[in-house]
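# Structure at a glance
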Amino acid sequence: MNPPRKQKVDTRVVVETPEGADFQFVIAGAGTRAVAWSIDQLIQWAALVVLFMLSLFLIPFGEAGVGVGFGGFLVGRFLLDWFYFSLFEAYWNGQTPGKRSQGLRVVRSNGTPIDVSSAIGRNFLRAADMLPFFYTVGMISMLMTRRLQRLGHLFFDPMVVDERREWISRAGGLTANIE
């Protein structure tokens with residue numbers, strides 16, 4: 001009896017250009033995406049701490065100062081929650097600081113750079129991906145699609161790719177010790 005063949009998970013996607021050239025992308029896995037997301041969360045929390053510290057400077061101005069400080073903090077929190085990922089991805093070539101640190105990039109499914117409307121749309125649907133708690137819908141969606149796409153990806157057509165390269169060192173071979 002033959003042993004069962006092991007199935008390998010292949011996360012490569014081949015995109016053919018109109019000129020007939022093939023480009024191969026490696027889809028980013030959930031682990032590296034989670035690390036990138038965690039780094040982005042730390043940056044957002046650091047920004048919120050700075051906003052909170054700035055709002056404390058308005059306390060000596062009385063009730064109006066407290067209101068302005070707290071209101072500014074809430075507006076900053078709203079902007080970070082809804083636009084941090086969108087604006088970075090739209091204007092930083094598909095990357096946030098967390099994605100850049102992990103070698104990830106968001107591109108359209110045809111391999112072209114993501115545009116502003118797709119970046120905003122995919123990130124606004126992040127709220128639906130988080131339902132009912134901590135990315136349950138998003139993880140189910142990723143497991144059911146070949147390109148590991150969340151709901152926002154399915155509606156706006158991007159994919160997250162891993163751009164890290166493995167450098168292969170060449171050991172001396174046929175050309176070793178030849179002058």
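Above this text sits the structure in question.
Residues numbered from 1 in each chain as written. Predicted model: local features only at pLDDT ≥ 70, side-chain atom pairs only at ≥ 80, totals over all residues. Heavy atoms only, no water.

## Let's talk about the overall build of the chain
Counting secondary structure elements, the chain contains seven helices and four strands. Across the 179 residues in the chain, those meeting the buried criterion constitute 33%. Of the contacts made within the chain by residues no fewer than 6 positions apart, 60% connect residues no fewer than 24 positions apart. Here the chain has roughly 12,300 Å² of accessible surface; of this, 66% comes from carbon and sulfur atoms. (Helix = DSSP H or I, 4+ residues; strand = E, 2+ residues; numbered from the N terminus. Buried < 20%, exposed > 50% of the residue type's maximum accessible area, 1.4 Å probe, protein only. Contact = heavy atoms within 4.5 Å. Areas by Shrake-Rupley, 256 points an atom, 1.4 Å probe, with all protein chains shown as cover.)

## Description of a nonpolar patch on the surface
Side chains of Val49, Phe52, Met53, Leu56, Ile59 and Val66 sit close together on the surface and give an oily, nonpolar patch of about 520 Å² of accessible area. In terms of residue count, helix H1 (residues 30-56) provides more of the nonpolar patch than any other element does, four residues in total. As for its position among the elements, valine 49 is in helix H1. The exposure class of valine 49 is partly exposed, given its relative accessible area of 48%. (Patch = residues over 30% accessible without salt bridge, like charges linked within 9 Å, V, L, I, M, F, W, Y side chains within 5 Å. Salt bridge = Lys/Arg side-chain N within 4 Å of Asp/Glu carboxyl O.)

## What about the pairing of strand S2 (residues 22-27)?
Note that strand S1 (residues 12-16) and S2 share five bridges and pair antiparallel. Across the sheet, residue valine 13 finds its bridge partner in S2, namely phenylalanine 25. Hairpin connection between S1 and S2: a loop of five residues separates the two successive antiparallel strands, and glycine 20 in this loop has a positive phi of roughly 90°. One ladder, built from two bridges, connects S2 with strand S4 (residues 158-162); its direction is antiparallel. Counted as the bridge partner of isoleucine 27 is valine 161 from S4. (Pairing = 2+ DSSP bridges.)

## As for the side chain of aspartate 129
For aspartate 129, the position within the fold is in helix H5 (residues 126-129). Residue classification places aspartate 129 among the buried residues on the basis of a relative accessible area of 0%. One polar contact links the side chain of aspartate 129 to the main-chain amide nitrogen of leucine 151, over a distance of 3.1 Å. Setting aside its immediate chain neighbours within four residues, aspartate 129 contacts Tyr135, Thr136, Val137, Gly138, Arg150, Leu151 and Gly152. (Polar contact = N/O pair within 3.5 Å; in protein donor to acceptor, adjacent residues only side chain to side chain.)

## Looking at unusual backbone geometry
Of note, the bond from leucine 131 into proline 132 is cis; its omega dihedral lies within 30 degrees of zero at -20°. Residue placement: proline 132 occurs in the loop between H5 and helix H6 (136-144). Phi is positive for phenylalanine 134, close to 35°, though the residue is something other than glycine. Within the fold, phenylalanine 134 resides in the loop between H5 and H6. Positive phi, close to 60°, is recorded for tyrosine 135, a residue that is not glycine.

This is a description of form; function is not addressed.
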